[in-house]
Amino acid sequence: MKNKRFKMLFAVGVILSIFSFTACGSTGEENKSNSENEQMQETEEEKKGFFDASYTTETTIAYSAGNDSDWSYGNQRKEFPIDDACYVRIASTAITDKNKGVDNEIAVTYRFTGTENCQVNLSDGIAEQIDTGDANVTEFTRTIFAKKSKEAKEDIIIFQYVPMESAESITLEVLYDDQIDSRYDCRNAVYFVSSETEETKDVRKENGTK
């Protein structure tokens, strides 16, 4: 009787041991599988980030007065006669580092602040004017296309400034969409001054006044 009872207890113990071992093995396999899946997912995300195209822009802003004989543009000039129109030339070059990014569309916004006292007209290029709801802010937008650095060319647009007598300055911001880091955005301002003749300048020099 005792032997029979002992055998039964022994058999139950063996079964419990096998079940426990199997469960532990299964849990270990599941943990290993989960870990491998997480590693694969992280690797896929890293690969995705590595192979995704990224974009940068180069922007050049230059100005020319309407009375310039050779209509040359300079990016250092900051003052213009208040009684004459002047022009701002904006050149944007969109560059991608991957072939898959070629011809990707990038939205550009041109924001002019100070338009209550200075009219802004689109002179050359195609852009759509946006209703800002603010008389002192005028915006235009358009699309440019990314190219690899060797093929990238300037995309040029020109605006005309027509200042009123009360105009003091106008500020231009060139803002690219979220595909471009904000550090590539640009901001530039020019100032309007009363014009004077060469004779007036000579008189001021003689009098020692500015």
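Cut-offs and rules
- Residues numbered from 1 in each chain as written.
- Predicted model: local features only at pLDDT ≥ 70, side-chain atom pairs only at ≥ 80, totals over all residues.
- Heavy atoms only, no water.
- Helix = DSSP H or I, 4+ residues; strand = E, 2+ residues; numbered from the N terminus.
- Buried < 20%, exposed > 50% of the residue type's maximum accessible area, 1.4 Å probe, protein only.
- Contact = heavy atoms within 4.5 Å.
- Areas by Shrake-Rupley, 256 points an atom, 1.4 Å probe, with all protein chains shown as cover.
- Phe/Tyr/Trp six-rings, centres within 6.5 Å; stacked < 30°, edge-to-face > 60°.
- Core = buried A, V, L, I, M, F, W, Y, C linked by side-chain atoms within 4.5 Å.

Caption draft 1: Geometry of the overall build of the chain. Counting secondary structure elements, the chain contains two helices and 11 strands. Ordered by position in the sequence, the α and β elements of the chain form the string α-β-β-β-β-β-β-β-β-β-β-β-α. Expressed as a percentage of its 210 residues, the buried residues of the chain come to 29%. A sequence separation of at least 24 residues applies to 74% of the contacts in the chain between residues at least 6 apart. Accessible area for the chain stands at about 14,500 Å²; split by element, carbon and sulfur atoms hold 49% of it.

Caption draft 2: A look at the environment of Thr113. Counting through the fold element by element, Thr113 comes out in strand S4 (residues 105-113). Residue class for Thr113 comes out partly exposed when judged on its relative accessible area of 28%. Here the alpha-carbon distance between Thr113 and Ser169, two residues 56 residues apart in the chain, equals 8.8 Å. Beyond its immediate sequence surroundings of up to four residues, Thr113 is in contact with Asn136, Val137, Ile170, Thr171 and Glu173.

Caption draft 3: Expanded view of the packing of aromatic side chains. Taken as a whole, this structure holds seven aromatic pairs when the rule is applied. Pairing Tyr110 with Phe159 gives two aromatic rings, centres 5.6 Å apart and planes at 55°, and the pair type is tilted. On the criterion of sequence distance, the pair formed by Tyr110 in strand S4 and Phe159 in strand S9 (residues 155-163) is long-range, its members being 49 residues apart. Tyr110 gets classed as buried once you look at its relative accessible area, which sits at 0%. Taking the relative accessible area as the measure of exposure, Phe159 reaches 0% and is therefore buried. Taking the centre distance of 5.0 Å and the plane angle of 50° together, the rings of Phe140 and Phe159 count as tilted. Placement of the pair is Phe140 in strand S7 (residues 137-145) and Phe159 in strand S9, with a sequence separation of 19 residues.

Caption draft 4: Seen up close, the nonpolar core. Residues Tyr110, Phe112, Phe159, Tyr161, Leu172 and Phe192 are the most contacted members of the largest nonpolar core, which totals 30 residues. If you list the elements that add at least two residues to this core, you get strand S1 (55-65), strand S3 (86-96), S4, strand S5 (118-124), S7, S9, strand S10 (169-176) and strand S11 (186-193). Ignoring any residue separated from it by four or fewer positions in sequence, one finds Phe112 in contact with Val120, Asn136, Val137, Thr138, Phe140, Phe159, Tyr161, Ile170, Thr171 and Leu172.

Caption draft 5: The arrangement of the side chain of Thr93 in detail. With respect to the helices, strands and loops of the structure, Thr93 is situated in strand S3. On the basis of relative accessibility, which here comes to 8%, the residue Thr93 falls in the buried class. Once residues lying within four places of it in the same chain are set aside, the contact partners of Thr93 are Thr56, Thr57, Glu58, Ala152, Lys153 and Glu154.

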